[in-house]
Amino acid sequence: MDFILRAQDLHLSFHGIQALAGVSFDLSPHEILGIIGPNGAGKTSVLNCINGFYHPQHGRIVYAGQEISFWPPHRRAQLGIARTFQNIALYPGMTVLDNIMTGRVIRMRAGVLACSVYAGPAHREHVTQRAIVEDIIDFLEIEEARHHRVADLPYGLQKKVELGRALAMEPRLLILDEPMAGMSLDEKMDMARYILELKEVRHLPMILIEHDMGVVMDLCDRIVVMDYGKVIAEGPPVSVQRNPDVIRAYIGQEVGTTQG
Amino acid sequence: MSIRPAGDFKISYAQDMAVLDSTFNRVGFGALLAALVLAPFWLREFIFLLTTIGIFAVGACGLGLLTGFTGQISLGHAAFMAIGAYASAIITGSLGLPFLVALPLAGFVSFIFGAVVALPSVRIKGLYLAIATLAFQFLTEYAIIHMAGGVGAISVRAPSIGSWQLRTETQFYYMLLVVWVLSGVIASNLIKSRIGLAFMAVRDRDYAAQVLGIDLLYYKALAFGIAAFYAGIAGSLWAHYSRLITPEHFSIVTSIDYVAMVVMGGLTSVWGPHLGAALVILLSQGLKIITPEVIAVLPVFAKIATPLREIVFGSILIALLIWEPGGIAVLLKKLKRKLDLWPFAY
Amino acid sequence: MSEFILGGLMNGLAVGSIYALIALGFALLYKSTKILNLAHGELVLFGGYLAIALSNIVPLPVAIVLTLVAAAVLGFAIERVVMRPLFGQPLLSVIIVTLALGYIVRGVMVGVWGGDTRQFPGITGGVLSIGGIPIQRVGVWSAATAVTLLVIFWLFFRYSLAGIAMRAVANEQLTASTLGVSLRRVFAYAWAFAAMAGAVGGILLGLWLGVNFALAFVGLKALAAVILGGLDSIPGAIVGGFAIGVIETIVGGYIDANIIYGFKEIIAFVIILVVLMIRPYGLFGTEHIERL
C-alpha cells in the first residue's frame, strides 16, 4: 500500500447541480498534495467528501486501508483525519486555550462520573492534556494570546489557532482549506514554516487548498488541478505549471506569473 | 482578558485550571456557604423562600448546562420536573422505597426520558427544537392528567433519611442545601471537564465539533439527559416538599420560568441559574406578598391583582434583556470590575 | 359516519380559514424578521377583547376598524420599543422576549376585562344548513371574511411594492438592505401586519365562539399550521391553517369523543411532533442545506 488516502471517482450533485464529476487521486503517506483550481471548481466539496460532511453519490474514499465512504464525520476524525476551514470555524466565545483543548476531547478518557467529581482522575488528566496543548501553543508561538477570546484576535492569529486545534487531535492526515487566505506576507511565511516543519519532523501527510500560487508551488510535492468538478491535470508543480489545460482554465493568465 | 487582582499569580497548570481561582472567589464562596448554612437563623419564617429558590436552582442548573453550555433550547424543562416528581411519588408511595433511593432514581427516570427526547435533536435544530420541546411539554402534561386521573393530583410522603423524618421546614432546608450545593458543584465540574468542552464545541459550531471527533448525537443526548436528571431531582424535591403534586405545578408556565431563570441569570455562567432562580422566585413570591398591601392603599389595582405577576415579570424580563443581554451574572462581573478599580476609572 | 366527516369537513374548513389567516401573520413575521413570535396568540386575544369592548360603545364595523388600527399601533410599538434594541441577539433571548410580551399583553387584557367568556353584543346565533349539513351562521360569515382577507393579503404581497420589499428581505436580509430596502421599515410593517392578522383572527373567532383568555392558545394552533406548511412558506401557512382546522375537527373530534377525552386540544402538538420528526421543513418550506 503506497497511499494513505484514495479518492476514487467521486460524483456529487445538489438538486441537479453537479459539484463533482468523477474526481480521483491518491495521497501518499509523506507528501503534501495541493489542490488548485478556479472558484467553484469543487475543491472544498472534495474536502467535505473526505472528512464526511458530504457523501458522494458515486465513488469511494479509502483511508488507511479502510473504505470510509459512509462513515460520519466524527468517526473519520477519530481515525485521525483533521481539517481546517476556509472561513475559520473556531469557537469565537472561547479562549485560545479552550479552543485548542477541544481538539483533545477525543483523547480524554474520563467518564461522566469522573467528570462530575473532577477532583482526582479527571483533573489529573486535564492537567496532562494541558501540557500537550501548551506544546502546541509553543510550536505556533501564540503564548501571548493563550487566555484571549478568539473573537478578539486578528485574522492571521485565528488561522494559527485553528491549525493548533487540528494539531491537538494528533492527526495522521491534515487537510488545510486555504490556510493562508487573507494573511500578510509575514504571517504567510510563518504558516509555511509550520507546514514544512510538520512535514519534515512529523512526516504528516497533508492536503492543501490555496490560491497563492507561489505558496502552492513551493510547498507541495504534487498538485491536482480541478475545474468544473473534474481533475484536469495532476503532477509535480513544474509540470502542472506548464500544462496548457491548466493555463486555459485560468483564462489566459499564466500560472507562473501570479507568483508573489 | 480577565482582570485579576495583582499579586495573584499562577505558577502551575493545575492552579490555572482550579475552579475557584482567586482569593476573592474563595473567600466569597466561603462567605456565601456560611450565609446559606446559617439561613434558618436570619431568615426565620421566610426560609421557605430559600427552599423554593434552592429547588428551582437545582432544576435551572440542568437547563443552564443544556441551553447555556450546549446551546439546545428547551421549552419543556418542567415536563422533566414533572416526570421526576411523579416518579418519586410512585417510588416512595406504591413501591415503598425510601426517599434517599427515590431521589436519585427519579433523576435517572428523567435522564432516560431526556436522552430519548434528544434523539431527534440531531436532525432538528434551534427554533424547531424549541417548538418540539414545547409540544413535548404539552403532551406530557396531558399524559400525566390522563394517567393519574381527575386533575392528576397525588399526595406524597414526607421525606425521611433512615429512620429520621424530615418534618420541619428547617430540616428539609438542610437536606435541600446539601443537594443544592452538590448539584451546583457537579455542574461546574462538568463544565470544566472534557464533557464541558465537548458541550461548548457543540454549542458554538456543531460542524467544527464533528471535525474534532465529537459525536453530536452522543453529546446532545447526554446534555438532554443530564438536564433532565437535574429537573428530575428538582421534581422529586418539590414533590416531597409540597407533599401534594398536580400537573399544574409543572405546566408550560414553569417551563417558561425556567428559561427566564437561565436567561436572566446569565446563560454562560455557572452562577447564572442560581442567580436567576433567586430573582424569579423572589419576584413572584414578592409580588404575592406585596400585592395585597398595594391594593389596601390603592384599591384601583384590585382588578389587575391576579395578572400583575405576569405583567411585572414580563416587563422586568424584557427590560433586563435589553439592558444587559448577558444577565445578572454579567452585571455582577461588571460591578466587581468597577469596584476593583474604584475610585479610579481605569 | 359520512355525515360526521362531511360536517367535520365543513366546520373544519370554516375554523381552518381563520387559523390560516392567523398563521399567515405568524409566517410572514417569521419570514421577514426570522422571529418566532410566541406571543402571537396574545395578539389574537388582544383583537378579540378590544373589539368586544369597543363594540359596546360604537357600532361593530367601527369597532373592528378601530381594533385594527390599535393592533397596527401595537405592532409598531412592539417593534420599536422591544424588538429593535434586541436586533442581533441570540435566538433564545428573542424567543423569551416574545414570551414575556405575551405575558404582558395577556396580563393587561385579563386585568382590564377579566377572565370570563364574553360575547359580541347583538350577534344572533342561528344555524344554516348547507347541503344538509348544519353549520352556524356566524361561522359561515367568519369563514367567508377570512377567505376574502386571505385573497386580499395574497394579492398585496404578490403585487404591491411593500409586499415585494418584504419578500426581498425574507429572501436575503443583507442583500435587500444594500439595494435600498429599509430593514427597519420592513420589520415594522411585518410586526404591524402580524398584529393585524392576529387581531382579525381574534375578532372572527370571537364573533363565532366568544372571547376568553383561552383564545391565546389559538396562537399555538397557528404554530402547528406553520410547522405543517413550512415555517418560511406563506402558501404553506394557509394550507397548514386549513389542514389543522380539518384535522382538529375530524380526527381530534373523533378521538376525543370515542377514545380519549380532551385529545382535540392537543392534537396540534401531536401534528407538530410528527411533522418535525418526518419532515422538519414542512410541506412547502425550503430544506436548508448547510454550506461549509
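Provided above is the structure to which this section pertains.
Note that the structure is a prediction, hence the values are computed from the model and not measured.

Caption draft 1: Structural context of the overall build of chain B. The helix and strand tally for chain B stands at 15 helices and four strands. Relative to its length of 346 residues, chain B is compact, with a C-alpha radius of gyration of 21 Å against a globular reference of 20 Å. Along the first, second and third principal axes, the C-alpha set of chain B runs to 60 × 55 × 45 Å. When each of the 346 residues of chain B is scored for burial, the buried share is 54%. Looking at chain B alone, contacts between residues at least 24 apart form 76% of all its contacts between residues at least 6 apart. Summing over all exposed atoms, chain B offers an accessible surface of approximately 14,800 Å²; the carbon and sulfur share of this is 71%.

Caption draft 2: Structural view of the pairing of strand E3 (residues 32-36) of chain A. Residue and element names in this part refer to chain A. Burial runs high along E3: five of the five residues are buried. Neither face of E3 is open: one carries Ile-32, Gly-34 and Ile-36, the other Leu-33 and Ile-35, and all of them are buried. Both E3 and strand E8 (residues 206-209) contribute to a ladder of four bridges, which runs parallel. Paired with Leu-33 across the strands is Ile-207, a residue of E8. Inspection of the sheet shows E3 paired to strand E9 (residues 222-227) by four bridges, in the parallel sense. Bridging from a neighbouring strand, Ile-36 pairs with Val-225 of E9.

Caption draft 3: Looking closely at helix H1 (residues 2-33) of chain C. The first and last C-alpha atoms of H1(C) sit 44 Å apart over 32 residues, in line with the 46 Å expected at 1.5 Å per residue. Looking at the residues trailing H1(C), positive phi occurs at Lys34(C), about 60 degrees.

Caption draft 4: Structural view of the packing of aromatic side chains. With the rule as written, the count across this model stands at 23 aromatic pairs over all chains. Ring centres of Phe56(B) and Tyr258(B) lie 5.6 Å apart, and the angle between their planes is 45 degrees; on these two criteria the pair is classed as tilted. Of this pair, Phe56(B) sits in helix H4 (residues 47-69) while Tyr258(B) sits in helix H12 (residues 252-265), placing them 202 residues apart in sequence. There is no split in this pair, since Phe56(B) and Tyr258(B) are both buried. Positioned over the ring face of Phe139(A) is Arg202(A), at 5.3 Å from the centre of the ring.

Caption draft 5: Representation of the interface of chain B and chain C within the structure. The partner chain C presents 47 residues to the 41 residues of chain B that form the contact. Across the chain B/chain C interface, buried area totals approximately 3,800 Å², and carbon plus sulfur atoms make up 81% of it. The tally of links from chain B across to chain C stands at one salt bridge. Notably, a salt bridge pairs Arg106(C) with Glu310(B), separated by 3.1 Å at the nearest N-O pair.

Caption draft 6: Fine view of the packing of H1(C) against helix H5 (residues 137-159) of chain C. Residues and elements named next belong to chain C. The contact between H1 and H5 brings their axes to 7 Å, and the two run at 30 degrees. Accordingly, the angle class assigned to the pair H1 and H5 is roughly parallel. Here H1 runs over H5; the crossing is left-handed. Seen from H1, the contacting residues are Ala-14, Ser-17, Ile-18, Ala-20, Leu-21, Leu-24 and Leu-28; seen from H5, they are Gly-139, Ser-142, Ala-143, Ala-146, Val-147, Leu-149, Leu-150, Phe-153 and Phe-157. Among the residues making up the contact of H1 with H5, the classes are represented as 13 nonpolar, three polar and no charged.

Caption draft 7: Structural detail: the nonpolar core. With 302 residues, the main nonpolar core has Leu5(A), Phe25(A), Leu174(A) and Leu223(C) as its most contacted residues. Here the element with the most residues in this core is helix H11 (residues 216-242) of chain B; it accounts for 17 residues. The residue makeup of this core includes at least three contributed by each of domain 1 (5-80 + 171-258) and domain 2 (91-155) of chain A. What Leu5(A) contacts, discounting residues up to four positions off in sequence, is Phe25(A), Asp26(A), Leu27(A), Ile50(A), Ile61(A), Val62(A), Tyr63(A), Leu173(A) and Ile207(A).

Caption draft 8: Inspection of the sheet that holds E8(A) at higher detail. All names here are of chain A. Sheet architecture is open: six strands sit in the order E6-E7-E8-E3-E9-E10, paired in mixed fashion. In this open sheet, the two strands that pair with only one neighbour each are strand E6 (81-83) and strand E10 (230-235). With direction set aside, neighbouring strand axes in the sheet form an average angle of 20 degrees. Against the sheet, helix H1 (residues 43-51) contacts E3, E6, strand E7 (173-177), E8 and E9, and its axis sits at roughly 145 degrees relative to E6. Against the sheet, helix H7 (residues 185-202) contacts E3, E7 and E8, and its axis sits at roughly 160 degrees relative to E8.

Caption draft 9: Molecular detail of the interface of chain A and chain B. Taken together, the 40 residues of chain A in the interface contact 30 residues of chain B. The contact between chain A and chain B buries some 3,100 Å² in all, and 67% of this surface belongs to carbon and sulfur atoms. Summed over the shared surface of chain A and chain B, the number is zero salt bridges. In this assembly, chain A and chain B are joined by eight residue pairs in polar contact (both at pLDDT 80 or more). Where the side of chain A that touches chain B is concerned, the elements lending two or more residues are helix H2 (73-78), E6, helix H3 (96-102), helix H4 (112-117) and helix H5 (121-139) of chain A. Considering each element in turn, the side of chain A that touches chain B owes the most residues, six residues, to H5(A). For the side of chain A that touches chain B, the per-class residue count stands at 23 nonpolar, eleven polar and six charged.

Caption draft 10: View of the environment of Val117(A). Counting through the fold element by element, Val117(A) comes out in helix H4. Judged by relative accessible area, Val117(A) falls into the exposed class, the value being 53%.

Caption draft 11: Spotlight on the pattern of salt bridges. All names here are of chain A. Per the stated rule, a full pass over the model turns up 22 salt bridges over all chains. A salt bridge links Arg-83 to Asp-177; its shortest N-O distance comes to 3.7 Å. Of this pair, Arg-83 sits in strand E6 while Asp-177 sits in strand E7, placing them 94 residues apart in sequence. Here Arg-83 matches Asp-177 in class, with each residue buried.

Scoring rules and cut-offs
- Residues numbered from 1 in each chain as written.
- Chains lettered and ligands numbered in written order.
- Predicted model: local features only at pLDDT ≥ 70, side-chain atom pairs only at ≥ 80, totals over all residues.
- Heavy atoms only, no water.
- Helix = DSSP H or I, 4+ residues; strand = E, 2+ residues; numbered from the N terminus.
- Rg over C-alpha atoms; globule rule 2.2 N^0.38 Å.
- Buried < 20%, exposed > 50% of the residue type's maximum accessible area, 1.4 Å probe, protein only.
- Contact = heavy atoms within 4.5 Å.
- Areas by Shrake-Rupley, 256 points an atom, 1.4 Å probe, with all protein chains shown as cover.
- Pairing = 2+ DSSP bridges.
- Expected span 1.5 Å × (residues − 1).
- Phe/Tyr/Trp six-rings, centres within 6.5 Å; stacked < 30°, edge-to-face > 60°.
- Lys NZ or Arg CZ within 6 Å of the ring centre and 35° of its normal.
- Buried area = accessible area lost by both parts, 1.4 Å probe.
- Salt bridge = Lys/Arg side-chain N within 4 Å of Asp/Glu carboxyl O.
- Axes fitted to C-alpha atoms, helices over the stretch in contact; angles between N-to-C directions.
- Parallel < 35°, antiparallel > 145°, perpendicular 65-115°, else oblique.
- Left-handed = near helix turned anticlockwise from the far one by under 90°.
- Nonpolar A, V, L, I, M, F, W, Y, C, P; charged D, E, K, R; others polar.
- Core = buried A, V, L, I, M, F, W, Y, C linked by side-chain atoms within 4.5 Å.
- Domains from an automatic or database assignment.
- Polar contact = N/O pair within 3.5 Å; in protein donor to acceptor, adjacent residues only side chain to side chain.

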